[in-house]
Amino acid sequence: MLNFDESRFLSIQGGAVALAARIDAIIGEALAAGAPNIHFLGAGGAAILMQPAAQLLRRRSTFPVFDDLTAELLVTPSPNLTKASIVVIPSLSGTTKESVEMLALAKSRGATIITLIGHAATPLGEGDHHVLVNYAADDTSSESFYIQSLLIALAVLKHRGEIDNYDALLAEMQGLPWQLLAMKKAIEPRADAFARRIADHDYHIFTGAGPIWPETFYFGMCILEEMQWIRTRPVHASDFFHGTLELVEKGVSVVVLKGEDETRPLAERVERFVPTVGGELTVIDTADYPTQGLSAELRGLLGPAFLATLLERISAHLEVMRNHPLTTRRYYRRVAY
């Protein structure tokens, strides 16, 4: 595969799965101590990657869950962030400014803090809070964060008695790194063509629904805008017909991302509409990439990770095709802002 290190990928995703027992113990202890709620409080892309887990808890649990924008929470503090709250702070670098400030705020409130980071010797990796380190780079971090946050959500459901197949799901996940690798290999022959469709337009509408929506937003903002300087309009499939549809005409690129959860019909509605008005439709569907040993339920939960792993292959071809490395920046961490 183009610009891909197979052993590194398996090690990173295997490292994420291996955190399950530690996550289970931390969450169990926090809930037993009377945790009143859980907050997923990252910044930028890392925060977006926590959203499917927060959404899962909102739909499957009565346990209060919050995923406020960290920068806003720092200037408009919430009374819900309180003593014994579980606070999850993801940051690949371990140095993200807003996240470091949130760590200090959460400590001052007496929260139980879990940091998910890629590097230990960093501000978020040092202290007496729970530090979960799993080395990753930009091209492997999405799946790692999706896996870790899903494990947190499943642990909450388990310890609250709101799920009856936790052990079975965890057993299935042991083979997940190899299943993700198989997906990458399956899309590789098509990745160049997908990349060409993106490279041929300077503006795209991206849409998805449910747990797929965060990956839709993430890929548009953090990959195409930040790393490729391509203008995108990520819009939730539920909102597509409340404004964005008026922008679709001949030659306008619309990319529909589809998972296998209950919200799939919302994306399919957009998929049916776009060709009727001449839009250029591209569909990337996790159902086109089968796995071995993963139940339909787990495939639905892992839809964001599946799409992240598929889209990474497209990104790898896109940066070569456009002669624009994914590491190129004009402003991000280059200038003061």
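Use the structure listed above.
The model shown is predicted, which means the values in this text are computed figures rather than measured ones.

K.L.:
Looking at this model, I keep getting lost on the overall build of the chain. Mind explaining?
P.N.:
Each helix and strand in the chain was counted, giving 13 helices and nine strands. By the compact-globule yardstick of 20 Å for 337 residues, the chain fits well, its C-alpha radius of gyration being 20 Å. Out of the 337 residues in the chain, the part that is buried amounts to 55%. The long-range fraction of contacts in the chain, counting pairs at least 24 apart against all pairs at least 6 apart in sequence, stands at 78%. Surface exposure of the chain reaches about 14000 Å², of which carbon and sulfur atoms provide 52%.

K.L.:
What's the story with unusual backbone geometry in this structure? I'm lost.
P.N.:
Most peptide bonds take the trans form, and the phi angle of most residues other than glycine is negative. Phi is positive for Ala84, which is not a glycine, with a value near 75°. Along the polypeptide, Ala84 turns up in the loop between helix H5 (70-75) and strand E3 (86-91). Of note in the backbone geometry, Arg333 takes a positive phi value of approximately 55° without being a glycine. Considering the arrangement of structural elements, one finds Arg333 in the segment after helix H13 (303-321). A residue is classified by how much of its surface remains accessible, and Arg333, at 47% relative accessible area, is partly exposed.

K.L.:
Before we go on, may I ask you to explain the nonpolar core in this structure?
P.N.:
Generally speaking, soluble globular proteins have nonpolar side chains that are buried together. Ranked by size, the top nonpolar core spans 84 residues in total, and within it Ile27, Ile38, Phe40, Ile86, Val88, Leu154 and Ile314 carry the most contacts. No other element matches helix H7 (residues 138-159), which puts eleven residues into this core. Excluding residues within four positions of it along the chain, Ile86 makes contact with Ile27, Ala30, Leu31, Ala35, Asn37, Ile38, His39, Thr112 and Ile114. One finds Leu41, Leu73, Ile89 and Val131 within the second-largest nonpolar core, a separate group that totals 14 residues.

K.L.:
Before we go on, may I ask you to explain the packing of aromatic side chains in this structure?
P.N.:
By convention here, two paired aromatic rings are described through the distance between centres and the angle between planes. Summed over all chains, the structure comprises six aromatic pairs. Ring centres of Phe206 and Phe219 lie 5.7 Å apart, and the angle between their planes is 55°; on these two criteria the pair is classed as tilted. With Phe206 in strand E6 (residues 203-208) and Phe219 in helix H10 (residues 212-225), the pair connects residues that are 13 residues apart, well separated along the chain. Residue Phe206 shares its accessibility class with Phe219, and that shared class is buried. Note on Phe240 and Phe273: the rings are 6.3 Å apart at their centroids and 70° apart in plane angle, and the pair reads as edge-to-face. Here Phe240, found in the loop between strand E7 (231-236) and strand E8 (253-258), pairs with Phe273, found in helix H11 (residues 264-273); they are 33 residues apart in sequence, far enough to count as distant. Accessibility expressed as a relative area gives 0% for Phe240, which makes it buried. Every member of this aromatic cluster is reached through a ring pair, and the members are Phe240, Phe241 and Phe273.

K.L.:
Which parts of the structure should I look at to understand the sheet that holds E3?
P.N.:
Pairing between the strands of a sheet is mediated by backbone hydrogen bonds and can be parallel or antiparallel. The strand order across the open sheet built from five strands is E2-E1-E3-E4-E5, with neighbouring strands paired in parallel fashion. Only two strands of the sheet have a single partner each, and these edge strands are strand E2 (65-66) and strand E5 (130-133). Sheet contacts for helix H2 (residues 20-32): E3, strand E4 (112-117) and E5; angle to E5, the most-contacted strand, approximately 160°.

K.L.:
Could you clarify how one ought to interpret the environment of Ile198 in this entry?
P.N.:
Along the chain, Ile198 falls in helix H9 (residues 176-199). Look at Ile198 and you get buried, because its relative accessible area is 7%. Ile198 sits 56 residues away from Val254 along the chain, and the two C-alpha atoms are 10.0 Å apart. Among all residues touching Ile198, those that are not within four sequence positions of it are His204, Phe219, Leu224, Ile230, Ile314 and Leu318.

K.L.:
Got a minute to help me understand the sheet that holds E6 in this structure?
P.N.:
Across the sheet, four strands lie side by side as E7-E6-E8-E9; this open sheet has parallel pairing. For this open sheet the edge positions go to E7 and strand E9 (280-285), each flanked by a neighbour on one side alone. For this sheet the average axis-to-axis angle between neighbouring strands, irrespective of direction, equals 20°. Note: E8 against E9, six bridges, orientation parallel. When the bridges of E9 are listed, Val255 appears paired with Thr282. The strands touched by H11 are E6, E8 and E9; relative to E8, the strand with the most contacts, the crossing angle is about 155°.

K.L.:
How should the side chain of Thr263 be read in this particular structure?
P.N.:
With respect to the secondary-structure elements, Thr263 resides in the loop between E8 and H11. Among the residues examined, Thr263 registers a relative accessible area of 12% and is labelled buried. In terms of polar contacts, Thr263 uses its side chain to reach the side chain of Asp261, at 2.5 Å. In this structure Thr263 touches Arg59, Ala209, Gly210 and Pro211, once residues within four positions along its chain are discounted.

K.L.:
Please clarify how the packing of H7 against helix H8 (residues 166-173) should be interpreted in this entry.
P.N.:
Between two packed helices, the angle of one axis relative to the other and the distance separating the axes together describe the packing. Contact geometry for H7 and H8: axes closest at 10 Å, N-to-C directions at 160°. In terms of axis orientation, H7 runs roughly antiparallel to H8. Between H7 and H8 lies a crossing whose hand is left-handed. Along the contact surface, H7 presents Ile147, Leu150, Leu151, Leu154, Ala155 and Lys158, while H8 presents Tyr166, Leu169, Leu170 and Met173.

Criteria and cut-off values
Residues numbered from 1 in each chain as written. Predicted model: local features only at pLDDT ≥ 70, side-chain atom pairs only at ≥ 80, totals over all residues. Heavy atoms only, no water. Helix = DSSP H or I, 4+ residues; strand = E, 2+ residues; numbered from the N terminus. Rg over C-alpha atoms; globule rule 2.2 N^0.38 Å. Buried < 20%, exposed > 50% of the residue type's maximum accessible area, 1.4 Å probe, protein only. Contact = heavy atoms within 4.5 Å. Areas by Shrake-Rupley, 256 points an atom, 1.4 Å probe, with all protein chains shown as cover. Core = buried A, V, L, I, M, F, W, Y, C linked by side-chain atoms within 4.5 Å. Phe/Tyr/Trp six-rings, centres within 6.5 Å; stacked < 30°, edge-to-face > 60°. Pairing = 2+ DSSP bridges. Axes fitted to C-alpha atoms, helices over the stretch in contact; angles between N-to-C directions. Polar contact = N/O pair within 3.5 Å; in protein donor to acceptor, adjacent residues only side chain to side chain. Parallel < 35°, antiparallel > 145°, perpendicular 65-115°, else oblique. Left-handed = near helix turned anticlockwise from the far one by under 90°.

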